[in-house]
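Each chain is listed here by its residues.
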Amino acid sequence: MSPWLVGFSVFFGYPLVMSVYLSFNHYDLLSSPRWVGLANYRYLFTVDPQVWTAVKNTLWITGVAVPLQVLFAFGIALMLARARRGVGVFRTIFYIPALAPPVAATLGFVYILNPATGPVNTILGKLGIHGPLWFQDPSWAKPSLVALGLWGVGNTMVIFLAAVLDVPRHLHESAELDGAGPLQRLRWVTLPSISPVILFAVVLGVIQGLQYFTQAYVAANVASGQASQAADVTAASLGYPLDSTLFYPVLFYQHGFSDFQMGYASAMAMVLLVVSFAVTLVIVVNSRRWVHSVAAVR
C-alpha cells in the first residue's frame, strides 16, 4: 500500500490540511500567510455580494441537471437493453460523447449554439422559428449547460445498462404471469433491483453538480468573447451573461487564481467540502427507505 499512501498523502492529504490552515489566514501567494482567524468566513457569509448568487446557480444546476441526467441515462439504458439489432452500434453512439474532453465538448456546444452562425439556430430559422440566444441569454445559459450535460451521460448510461441487464429474468417472467404490465414491471421489479445503482448515480451527480466548474467557466469565456466581437465592446467573462453561469466553484477559482485571495478561496473550498459531505450523508441515510439489496429483491 506504500505507493497509494504516498500518492494520497502528497496529492490529497497535504493539500487538504494546508487548505484548512490557509482558510484562517490572509495569503496572496506572494507573501507569508498572516493569521486572521475567522475573518475569511465572516466575509464569506456576511459581506461578499456574489456568494449567494453563486450558491443559487449551483443549487439550480444540481437540482435540475442531476435528476435529468439520471432519468436520461436510465431511459437510454432501458432502450438499449431491449434493442434486438445493432445493439453494439447504438451503445457506441451513445457512449462516444462521454469520451470527449469537457473543454472540447463545451467549445463545440458554444459553436453549435452560436445565435448568429450556429447550425442549430440556422436550421430553426429555415423552419420559421426564431432561435434563442443560448449562452448569450441569462435565461438560456444554464439550460444550455444542462443540454451539454445530457449529451455526455455515456458513463452513467453504461452503468445503468449493466444494472438493467443484471435484473433476474425470472422476476420479470413471474410478474408478467401475475398480470403485471410493462410499467408495473418497471416500477416493482426493475427499479427496486437497480436501486443501489440509482443511489450511486445520484450521489455522484450531486457531488459533481456542487463542484460544477469546467463547462461553465469555458462557456462563459467563449460566449463573452463572441459577444465582444459582435458588439465591438468588452464583455465580462466571469459568470457571463449577467452572472447566470457564476457557480460557486467558478467564484472561488476567481478569488484564488485571479484575485490572489488564496486564504479566502481556501475558506470557500472548506465550506464546499462540508456542504458536499453533509448532502451526501443525508442522501445515503435517507436511501434506506428506497434502496433494496439484491437478496431482498430476490
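Located above this text is the structure these notes cover.
First, a word on scope: everything that follows refers to the structure included in this document. Given the structure is predicted, the values throughout are model-derived calculations rather than measurements.

**Some thoughts on the packing of helix H3 (residues 51–82) against helix H13 (residues 248–258)**
Next, step 1: One way to put it is that H3 packs onto H13 with a least axis distance of 7 Å and a crossing angle of 145 degrees. Listed contacts from H13 to Val51, Ala54, Val55 and Thr58 of H3 are Tyr248, Pro249 and Leu251.
Next, step 2: When grouped by side-chain class, the residues that make up the contact of H3 with H13 number 6 nonpolar, 1 polar and no charged.

**Regarding the pattern of salt bridges**
Next, step 1: Taken as a whole, this structure holds 1 salt bridge when the rule is applied.
Next, step 2: The closest approach of N and O atoms between Arg169 and Glu173, which form a salt bridge, is 3.5 Å. Placement of the pair is Arg169 and Glu173 together in helix H9 (residues 169–177), with a separation of 4 residues, close to one helical turn.
Next, step 3: Classification of Arg169 by relative accessible area gives exposed; the value is 64%.
Next, step 4: For Glu173, a relative accessible area of 42% corresponds to the partly exposed category.

**Quick word on the nonpolar core**
Next, step 1: Within the largest apolar cluster, 61 residues are counted, with the highest numbers of intra-cluster contacts made by Leu145, Phe160 and Ile194.
Next, step 2: Examining the composition of this core, we find that 12 residues originate from one element, H3, more than from any other.
Next, step 3: The residues touching Ile194, leaving out its near neighbours within four places in the chain, are Phe74, Phe160, Ala163, Val164 and Val167.

**Quick notes on the packing of H3 against helix H11 (residues 195–210)**
Next, step 1: Packing of H3 against H11 leaves a shortest axis separation of 9 Å and a crossing angle of 150 degrees. For the element pair H3 and H11, the recorded crossing hand is right-handed. Facing Thr58, Ile61, Thr62, Val66 and Val70 of H3, the residues of H11 in contact are Ala201, Val202, Gly205, Val206, Gly209 and Leu210.
Next, step 2: Broken down by class, the residue content of the contact of H3 with H11 amounts to 7 nonpolar, 4 polar and no charged.

**Brief notes about helix H5 (residues 102–112)**
Next, step 1: Those residues of H5 that fall on the buried side of the exposure criterion are Ala105, Thr106, Phe109 and Val110. An end-on view of H5 places all buried positions within 135 degrees of arc, on one side of the element.

**A word on the environment of Ser174**
Next, step 1: Here Ser174 lies in helix H9.
Next, step 2: Among the polar contacts listed, one links the side chain of Ser174 to the backbone oxygen of His170, at a separation of 2.8 Å.

**Side note on unusual backbone geometry**
Next, step 1: The residue after Tyr240, namely Pro241, is reached through a cis peptide bond having omega -5 degrees.
Next, step 2: The residue Pro241 is located in the loop between helix H12 (214–231) and H13 in this model.
Next, step 3: One non-glycine residue, Leu242, lies in positive phi territory at about 55 degrees.
Next, step 4: Locating Leu242 in the fold gives a position in the loop between H12 and H13.

**Some remarks on the packing of aromatic side chains**
Next, step 1: A complete count under the given rule lists 14 aromatic pairs for this structure.
Next, step 2: When the centroid spacing of 5.1 Å and the interplanar angle of 80 degrees are considered together, the rings of Tyr43 and Tyr264 count as edge-to-face. With Tyr43 in helix H2 (residues 39–46) and Tyr264 in helix H14 (residues 262–286), this residue pair connects regions lying 221 residues apart in the sequence.
Next, step 3: Overall, the relative accessible area of 35% leaves Tyr43 in the partly exposed class.
Next, step 4: With a centroid separation of 5.2 Å and 35 degrees between ring planes, the pair formed by Tyr253 and Phe257 is classed as tilted. On the criterion of helical spacing, the pair formed by Tyr253 and Phe257 is a turn pair, its members being 4 residues apart in helix H13.
Next, step 5: Its relative accessible area of 27% is what places Tyr253 among the partly exposed residues.
Next, step 6: What makes Phe257 exposed here is its relative accessible area of 52%.
Next, step 7: Three or more aromatic residues link up through ring pairs in this structure, and these residues are Phe213, Tyr217, Tyr253 and Phe257.
Next, step 8: The residue whose ring lies beneath Lys142 is Trp60, and the NZ or CZ to ring-centre distance is 5.6 Å.
Next, step 9: The ring of Trp188 carries Arg187 above its face, with NZ or CZ at 4.1 Å from the centroid.

Thresholds, definitions, all that
Residues numbered from 1 in each chain as written. Predicted model: local features only at pLDDT ≥ 70, side-chain atom pairs only at ≥ 80, totals over all residues. Heavy atoms only, no water. Axes fitted to C-alpha atoms, helices over the stretch in contact; angles between N-to-C directions. Helix = DSSP H or I, 4+ residues; strand = E, 2+ residues; numbered from the N terminus. Contact = heavy atoms within 4.5 Å. Nonpolar A, V, L, I, M, F, W, Y, C, P; charged D, E, K, R; others polar. Salt bridge = Lys/Arg side-chain N within 4 Å of Asp/Glu carboxyl O. Buried < 20%, exposed > 50% of the residue type's maximum accessible area, 1.4 Å probe, protein only. Core = buried A, V, L, I, M, F, W, Y, C linked by side-chain atoms within 4.5 Å. Left-handed = near helix turned anticlockwise from the far one by under 90°. Arc of directions from axis to C-beta. Polar contact = N/O pair within 3.5 Å; in protein donor to acceptor, adjacent residues only side chain to side chain. Phe/Tyr/Trp six-rings, centres within 6.5 Å; stacked < 30°, edge-to-face > 60°. Lys NZ or Arg CZ within 6 Å of the ring centre and 35° of its normal.

That's the geometry; what it means functionally is another story.
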